Amino acid sequence: MSDASQQAASARLADRTRSLERSKIRVMFGLAEEARRESDRELVRLEVGEPDFDTPDHIVDAAADAAREGATRYTENAGIPPLREAIAETMARESGVEYAPEQVTVTTGAMEALSLSMMALAGPGDEVVVPTPAWPNYVNQVQLAGATPVTVPLPADSGFDLDPERVTDRIGDDTAAVILTSPSNPTGRVYDEDDVAEVVAAAAAHDAYVVADEVYGRLTYDREFRGAASYVESPENVLTVGSCSKTYAMTGWRLGWLAGPQPVVDAVSHIGESTTACPSSVSQQAALAAFTGPQEPVAEMKAAFAERRDFVVERVAEMPVVSCPRPEGAFYAFLDVSDLPGGSFDVAKRLLSDYGVVTAPGDGFGDAGEGYLRISFANSLDRIEEGLDRIEAFVRDETES
Ligand code: PMP
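Residues numbered from 1 in each chain as written. Predicted model: local features only at pLDDT ≥ 70, side-chain atom pairs only at ≥ 80, totals over all residues.

Brief notes about the overall build of the protein chain
For the protein chain, the helix and strand inventory stands at 15 helices and 12 strands. Its C-alpha radius of gyration of 21 Å places the protein chain within 12% of the 21 Å reference for a compact globule of 401 residues. Overall size of the protein chain, expressed as C-alpha extent along the three principal axes, is 60 × 55 × 50 Å. Counting the 401 residues in the protein chain, one finds 51% classified as buried. (Helix = DSSP H or I, 4+ residues; strand = E, 2+ residues; numbered from the N terminus. Rg over C-alpha atoms; globule rule 2.2 N^0.38 Å. Buried ≥ 20, exposed ≤ 12 C-beta atoms within 10 Å, placed from the backbone.)

Written out as structure tokens, the structure reads:
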């Protein structure tokens, strides 16, 4: 294709394709791939947000058996009934939230649960409040739905804890939804229940929903996690989003869900009819095995993440100039590098080009993340140690020169 015809083809694309920001995590991923092709130096990849473990064998076996036995066809939009039931039971047992199986719709990853709920709840003229630093896809999903994202920076000096007043100040008559992520990607913060309840009540007063993204809910280290819908006074405006990705090391199976008030759940599965029809039948069988089979692999992975979390916190505490709030959940540490020269993207690029460590720059999670780097501890202890050794050398070289 000539340059001119490529330009003409791009001009014909819909406007919404131009408003989408590219994720900085993917940008770093691309730069890392480039660096890998150009040099023999071994990179330490701390930018990726997925468990380094393989999906437990019993889950893979159950899916393979089910596929051989014919689970290879379309299913109901909302997913197979035994899976919806297993999800409802697991949520009640693990995070205390009570939903009937009919109130659960299975989706192609939490990603689809989130994007379809934005389409179901928000459109032109509507606002969706997103406290930041936040997973970058929310803003894109809101924009794709035709609505306006309203980002609200959380305070760095409290480790990016949820400050209910800052968030409720931005909820108004145009607010369709507020997205709360606890445990948080990228900060690892688990929000206080009272703070979440305050935001839910303020949203309810404006007929707005709270979308509680709880994909990391089973990965908390210092305290038990309870889902938002279990402790707010009236959870009628709370949607709960979950996923097999992080809990069961199943990112590639693309299996998530949405639970909430029946009309919203029905609307989401209705929209899903025109996007994916239903989640993968084989992945649904895998998920069923994940929920109903042994839970020891989850406990083992969680213990490994906890050990790595402690290691990262201790190592960072020994470093000059940089610091990080103690992650309470998920598998990320959010490193304050604001005393190093340049913005966080520059710091991440220097760290990659000079020391071979790949991280996710904080400004990719909204302006509030500027001055930070997200490092993922979903990697072996050896690799994390190597990465932190190099980060320490980088910090010392940058500050001592
Ligand atoms: N929410 C958050 C906060 C995430 O970090 C991710 C994955 N990185 C998702 C949702 C999407 O998860 P899934 O793989 O289930 O689509």
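Picking up where we left off.
Here's the deal with the sheet that holds strand 7 (residues 238-243)
On the basis of which strands lie adjacent, the open sheet formed by 7 strands has the order 2-8-7-6-5-3-4 and mixed pairing. Looking at which strands have only one partner, the edges of the open sheet turn out to be strand 2 (104-107) and strand 4 (148-153). Strand-to-strand twist of the sheet, defined as the mean angle between neighbouring strand axes without regard to direction, takes the value 20 degrees. With 6 bridges connecting them, strand 3 (residues 127-132) and strand 4 associate as parallel partners. For Val130, the partnering residue across the bridge sits in strand 4 and is Thr151. (Pairing = 2+ DSSP bridges. Axes fitted to C-alpha atoms, helices over the stretch in contact; angles between N-to-C directions.)

Looking at helix 7 (residues 137-144)
Within helix 7 the residues assigned to the buried category are Tyr138, Val139, Gln141 and Val142. Seen from one end, helix 7 has its buried residues packed into an arc of 165 degrees, which puts them on one side. Structurally, helix 7 contributes buried residues whose contacts are with helix 6 (109-121), strand 3, strand 4 and strand 5 (175-181). The first or second residue beyond helix 7 is Gly146, which carries a positive phi of 90 degrees. (Arc of directions from axis to C-beta. Contact = placed C-beta atoms within 7 Å.)

What about the packing of helix 3 (residues 24-38) against helix 14 (residues 344-355)?
Helix 14 packs onto helix 3 with a crossing angle of 25 degrees between their chain directions and a minimal axis gap of 11 Å. Looking at the two axes, helix 3 sits roughly parallel to helix 14. Judged by the sense of rotation from one axis to the other, the crossing of helix 3 with helix 14 is right-handed. Of the residues in helix 14, those in contact with Lys24, Met28, Leu31, Ala32 and Ala35 of helix 3 are Phe345, Ala348, Lys349, Leu352 and Ser353. When the residues that make up the contact of helix 3 with helix 14 are grouped by side-chain class, the tally is 7 nonpolar, 1 polar and 2 charged. (Parallel < 35°, antiparallel > 145°, perpendicular 65-115°, else oblique. Left-handed = near helix turned anticlockwise from the far one by under 90°. Nonpolar A, V, L, I, M, F, W, Y, C, P; charged D, E, K, R; others polar.)

Topic: the sheet that holds strand 9 (residues 332-336)
Adjacent strands of a sheet pair through backbone hydrogen bonds, lying either parallel or antiparallel. With respect to topology, 3 strands assemble into an open sheet ordered 9-12-11, the strand pairing being antiparallel. Of all the strands in the sheet, the pair left with one neighbour each is strand 9 and strand 11 (360-361). Sheet analysis places strand 11 next to strand 12 (residues 372-376), joined by 2 bridges and oriented antiparallel. Bridging from a neighbouring strand, Pro361 pairs with Leu373 of strand 12. With respect to the sheet, helix 14 is in contact with strand 11 and strand 12, its orientation differing from that of strand 12 by roughly 50 degrees.

Section: unusual backbone geometry
Here Ser182 and Pro183 are connected by a cis peptide whose omega angle stands at -5 degrees. Relative to the helices and strands, Pro183 is located in the loop between strand 5 and helix 9 (193-205).

Things to note about the UniProt feature "domain: Aminotransferase class I/classII large" (unreviewed entry) in the protein chain
Here the UniProt feature "domain: Aminotransferase class I/classII large" (unreviewed entry) sits at residues 42-391. Helix makes up 40% of residues 42-391 and strand 15%, with an end-to-end C-alpha separation of 14 Å. (UniProt positions renumbered as here; feature names shortened; annotations may be inferred.)

A few points about the confidence of the model for the protein chain
For the protein chain, per-residue confidence averages 95 on the pLDDT scale, and 100% of positions sit at 70 or higher. This complex was scored by the predictor with a pTM of 0.96 and an ipTM of 0.99. (pLDDT = per-residue confidence, 0-100.)

Observations regarding the environment of Ala177
One can find Ala177 in strand 5. Among the residues examined, Ala177 registers 26 C-beta atoms within 10 Å and is labelled buried. Spatially, the C-alpha atoms of Ala177 and Asp207 are 8.8 Å apart, while their sequence positions differ by 30 residues. Each residue touching Ala177, except ones within four places of it in the same chain, is listed here: Leu121, Ala122, Val128, Ala208, Tyr209, Val210 and Val211.

What to know about the site of the ligand
Inspection of the region around the ligand gives 13 residues, with Gly109, Ala110, Met111, Ser243 and Ser245 positioned closest. Looking at the shell around the ligand element by element, the count peaks at 3 residues for helix 6. For the shell around the ligand, the per-class residue count stands at 4 nonpolar, 8 polar and 1 charged. (Near = placed C-beta within 6 Å.)

Focus: the environment of Ser19
Inspection of the secondary structure puts Ser19 in helix 2 (residues 16-19). For the pair formed by Ser19 and Leu31, sequence separation is 12 residues and the distance between their alpha carbons is 22 Å.

Quick notes on the environment of Ala110
One can find Ala110 in helix 6. When the C-alpha positions of Ala110 and Ala8 are compared, they lie 35 Å apart, and in sequence the two are 102 residues distant. Excluding residues that lie within four positions of it along the chain, Ala110 makes contacts with Asp213, Val215, Val241, Gly242, Ser243, Ser245 and Gly256.

Some remarks on the pairing of strand 8 (residues 256-259)
Of the two faces of strand 8, the one holding Gly256 and Leu258 and the one holding Trp257 and Ala259 are both buried throughout. The sheet contact formed by strand 2 and strand 8 spans 4 bridges and is antiparallel. Along strand 8, the bridge assignment pairs Thr105 with Leu258. Relative to strand 8, strand 7 runs antiparallel, the two being bridged by 4 bridges. Residue Val241 lies in a different strand from strand 8, and its bridge partner there is Leu258.

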